[in-house]
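Structural overview
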Amino acid sequence: MHTLYLEWQAIWKILVVGLILGGGLPALFALGIRAMAYGTGGDAEDHPAGVLPAPHPVGRALAYLIFALVLLAVALGILVIVASGFGKEVSFADVYPTLQDK
Amino acid sequence: MILVLVVVVALAFDFTNGFHDTANAMATSIATGALTPKVAVALAGALNLVGAFLSVEVALTVTNAVVKIQDSDGAPKPDLLSGGGSDLLIIVLAGLIGGIAWNLLTWLLGLPSSSSHALFGGLIGATLAGLGTSGVNWNGDGSKVDGVIGKVILPALASPVIAGLVAAVGTWLIYRITAGVAQRFTETGFRWGQIGSASLVSLAHGTNDAQKTMGVITLALIASGHWTDTENIPFWVKACCALAIASGTYLGGWRIIRTLGKGLVEIASPQGMAAEGASGAVILISSHLGFALSTTHVATGSILGSGIGKPGATVRWRVAVRMVAAWVITLPAAGLVGALTWYVADLLGGGLLGAVVITALLTAAAVAMWRHSRKEPVHPGNVNDEWEAPAAHQTTAA
C-alpha cells in the first residue's frame, strides 16, 4: 500500500503540471490561431455567404505575441532537458529561469 | 568475446528501440500531412541523435530498477564476476535478446509496445532463470518508488491515463477556442504547432531512451574488466548508441506509424498538436521528477485522448484493446524469451558457445520476421492509406 501512496504522490504532480503545460500550451496556441483568424479576416473565419469579415490588425499583433509566448515556453522546455543532461537544473526561484548545479 | 556479442546485440536493441518509437513522435504529423513521411523520419532521427548526445547524465544503474546484478553505485555484483564476468554477461545478453525478439514481433503486428518494458522484461526473465526470484528487485525497500512494481508496472497503468486526460482536455479546449475559425485556416496553423510539439517529443525520446542502452553496454564493459569508471560512460559507447537509435528512428517503423496515426483515431491537425503537446509535457515533467514513463504508453494515451476530446470523433476501441493486450504481455513475453535463451546458453556451458548460439537464434528469428513482413509491406508510400475497418469487411462476407 505504501508503494501506491508514493506512486500517487508522483502521479498527481505529473497530472496537474501536465494539464497546465500539456493542455494549456496547445490551448494558448489555439488562441493564437483564433486571434490570427480574427486579424486576417475574410475567408479565415466562418462567415455568412457574401459578407467578408474585415481584417483586424490588432488580432494579428495579439497572435504574434501569443506565438512568441508559446515558443518561449518550448525553449524553456528544451533548456530543462539540456540542462539536466549537463548536471544542471533550471530554477525558478528568481521568477525568471536561472541555471544552477543540481 | 562474449563482450563483443553483448555490445553488438545491445546496439541492435537500441536500433529496434529507435524504429519502434518513431511513431510516438511522428505518427500524428505523418497522418495529418504536416510532414511528409520521409521528412518526418529524417527530423525524428536527427533530433534523436542530438538528444542522445545531450544526455550525459549517467544511466549506469538502469538495470537496478528491476534486477539485482549491480550495486547501487553501478558496479556489478562481485559474485557474478567469476571467469571474466561471463555469468553477468550471459544474463544481460539473454535479457537483450528477449527485448529485441519482442520488439520485432510487436513491430510485425504493427503494435506500439514499450521498448523499455521489453528490455526490462528480458532482463527480469534472464535474471529469474539465472539467479532465481531473489535476483529480481520486485518492489525496492519501500522507502521510494522502486522495483518491478513501483517503476514498471504501476507507471505503465498510470501513464496512458494521465496522457490521455491531458490530451483530451487540450483537444477539447482547442476545438472550443477555434470554433468559428475556418477549418482550412486552423489546419494550416496547427500543422506548425504539430511539427514543433512532435520535435520536442523526439528530442526527449533521444535523451531518455538511448541512455538505457548506454548504461547496459557500460555495465558489460565493467563486468568484463574493460572499464572501471562508474561515473562516466566511454565516448564511443555514447556515439554508437546515439547513431544506433537515430538510424533506427530514421528507418521508421512504418507498421507502427500506420497503427498509431491512422488506426486508433482519424486524426486532424489540431488533435495532433494536442496529442504531441500532451506527450511532450508528460514525458518531460515525469523524467524531471525522476519518475520516467514509457514514451510509447504516453504517446498512445495522448492520441487516444485526442480522439475522446474532439466532439464527434471516432475512436477504434478494438485497435486500442489490441494495443493494451500487447502492453500487458510485453513484460512476461520478453521475460519468457529472456529466460529461455538463458537456459539454452546455460545448457551449452554458459560461456562463449552458449552466447554465440543464442545470438544466432536471435538473428534467425529476426530474419524470419523480416521476411514475413515483406509479404505485406508498409512503407512511406502506403502508410497513410485508409484504415480498413474490420467491421465493414465482415458485413461483405456475411
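Residues numbered from 1 in each chain as written. Chains lettered and ligands numbered in written order. Predicted model: local features only at pLDDT ≥ 70, side-chain atom pairs only at ≥ 80, totals over all residues. Heavy atoms only, no water.

1. A short note on the overall build of chain A
Per the secondary structure count, chain A includes two helices and two strands. Ordered by position in the sequence, the α and β elements of chain A form the string α-α-β-β. Computed over its C-alpha atoms, the radius of gyration of chain A comes to 20 Å, more than 25% above the 13 Å expected for a compact globule of 102 residues. In terms of principal-axis extent, the alpha carbons of chain A reach across some 65 × 35 × 20 Å. When the 102 residues of chain A are sorted by exposure, 34% land in the buried category. (Helix = DSSP H or I, 4+ residues; strand = E, 2+ residues; numbered from the N terminus. Rg over C-alpha atoms; globule rule 2.2 N^0.38 Å. Buried < 20%, exposed > 50% of the residue type's maximum accessible area, 1.4 Å probe, protein only.)

2. What to know about the interface of chain B and chain A
Contacts between the two partners involve 48 residues from chain B and, on the opposite side, 40 residues from chain A. Of the roughly 3500 Å² buried between chain B and chain A, counting both surfaces, carbon and sulfur atoms make up 79%. Counting the surface chain B buries against chain A, the share from its top three residues, B:Ile177, B:Phe185 and B:Ile285, is 16%. Here chain B is connected to chain A by zero salt bridges. Summed over the shared surface of chain B and chain A, the number is one residue pair in polar contact (both at pLDDT 80 or more). Contributing elements (two or more residues each) for the side of chain B that touches chain A: helix H5 (147-177), helix H6 (183-223) and helix H9 (269-288) of chain B. Here the side of chain B that touches chain A takes twelve residues from H5(B), the largest share from any one element. The residue makeup of the side of chain B that touches chain A, split by class, is 31 nonpolar, 15 polar and two charged. (Contact = heavy atoms within 4.5 Å. Buried area = accessible area lost by both parts, 1.4 Å probe. Salt bridge = Lys/Arg side-chain N within 4 Å of Asp/Glu carboxyl O. Polar contact = N/O pair within 3.5 Å; in protein donor to acceptor, adjacent residues only side chain to side chain. Nonpolar A, V, L, I, M, F, W, Y, C, P; charged D, E, K, R; others polar.)

3. Focus: the nonpolar core
B:Leu96 and B:Leu264 are the most contacted members of the largest nonpolar core, which totals 114 residues. Ranked by residues supplied to this core, first place goes to helix H1 (residues 2-32) of chain B with 16 residues. Here B:Leu264 is in contact with B:Thr259, B:Thr300, B:Ile303, B:Leu304, B:Thr314, B:Val315, B:Arg316, B:Val319, B:Ala320 and B:Met323, once residues within four sequence places are set aside. Among the nonpolar cores identified, the runner-up in size contains eleven residues, and A:Ile66, B:Ile177, B:Phe190 and B:Ala274 belong to it. (Core = buried A, V, L, I, M, F, W, Y, C linked by side-chain atoms within 4.5 Å.)

4. Observations regarding the UniProt feature "transmembrane region" (unreviewed entry) in chain A
Within this structure's numbering, the places UniProt gives as "transmembrane region" (unreviewed entry) are residues 12-33 and 61-82 of chain A. End C-alpha to end C-alpha, residues 12-33 of chain A measures 31 Å, and it is 100% helix and 0% strand. (UniProt positions renumbered as here; feature names shortened; annotations may be inferred.)

5. Notes on the side chain of B:Ser29
Residue and element names in this part refer to chain B. Structurally, Ser29 is set in helix H1. Looking at Ser29, the relative accessible area reads 0%, which means it is buried. In this structure, Ser29 is in contact with Ala34, Leu35, Gln194 and Ala198, ignoring residues within four places of it in sequence.

6. Describing helix H4 (residues 115-131) of chain B
All names here are of chain B. Spanning 17 residues, H4 covers 24 Å between terminal C-alpha atoms, matching the ideal 24 Å at 1.5 Å per step. Within H4, 14 of the 17 residues are buried, which leaves the element mostly enclosed by the surrounding structure. The opening residue of H4, the one whose side-chain oxygen lies 3.3 Å from the backbone nitrogen of Ser116, is Ser114. The positive-phi residue at the C-terminal boundary of H4 is Gly132, with phi of around 85 degrees. (Expected span 1.5 Å × (residues − 1).)

7. Details of the packing of aromatic side chains
The final tally for this structure, using the stated rule, is six aromatic pairs over all chains. Taking the centre distance of 5.1 Å and the plane angle of 45 degrees together, the rings of A:Phe29 and A:Phe67 count as tilted. One end of the pair, A:Phe29, is in helix H1 (residues 2-40); the other, A:Phe67, is in helix H2 (residues 57-85), and 38 residues separate them in sequence. Plain terms: the ring middles of B:Phe15 and B:Phe19 are 5.9 Å apart, the flat faces sit at 75 degrees to each other, and that makes the pair edge-to-face. Taken together, the residues span about one helical turn, with B:Phe15 and B:Phe19 both in helix H1 at a distance of four residues. For B:Arg255, the ring lying beneath its charged end belongs to B:Trp107, and the centroid distance is 5.6 Å. (Phe/Tyr/Trp six-rings, centres within 6.5 Å; stacked < 30°, edge-to-face > 60°. Lys NZ or Arg CZ within 6 Å of the ring centre and 35° of its normal.)

8. A few points about the UniProt feature "transmembrane region" (unreviewed entry) in chain B
Residues and elements named next belong to chain B. Mapped onto the present numbering, the UniProt feature "transmembrane region" (unreviewed entry) falls on residues 41-67, 88-111, 117-140, 152-175, 324-345 and 351-370. In residues 324-345, the share of helix is 100% and the share of strand is 0%. The end C-alpha atoms are 32 Å apart. Its end C-alpha atoms 29 Å apart, residues 351-370 is made of 95% helix and 0% strand.

9. Observations concerning the pattern of salt bridges
Residues and elements named next belong to chain B. Under the criterion given, the structure shown has four salt bridges over all chains. With its nearest N and O atoms 3.4 Å apart, the salt bridge here joins Asp209 to Lys212. Residue Asp209 and its partner Lys212 are both found in helix H6; the two are separated by three residues, about one turn of the helix. Accessibility assignment for this pair places Asp209 and Lys212 in one class, buried.

10. Focus: H6(B)
Side chains three or four residues apart in an α-helix point the same way, a direct result of the helix having 3.6 residues per turn. Residue and element names in this part refer to chain B. With 41 residues, H6 extends 59 Å from end C-alpha to end C-alpha; this agrees with the ideal 60 Å at 1.5 Å per step. With respect to burial, H6 is a largely interior element, 34 of its 41 residues being buried. After H6 finishes, the residue Gly225 shows a positive phi value of roughly 80 degrees.

11. A word on the packing of H1(A) against H5(B)
Running from N to C, H1(A) and H5(B) cross one another at 25 degrees; their axes reach a closest spacing of 8 Å. In terms of orientation, H1(A) lies roughly parallel with respect to H5(B). Crossing handedness for the pair H1(A) and H5(B): right-handed. Tallied by class, residues from the contact of H1(A) with H5(B) come to 19 nonpolar, six polar and two charged. (Axes fitted to C-alpha atoms, helices over the stretch in contact; angles between N-to-C directions. Parallel < 35°, antiparallel > 145°, perpendicular 65-115°, else oblique. Left-handed = near helix turned anticlockwise from the far one by under 90°.)

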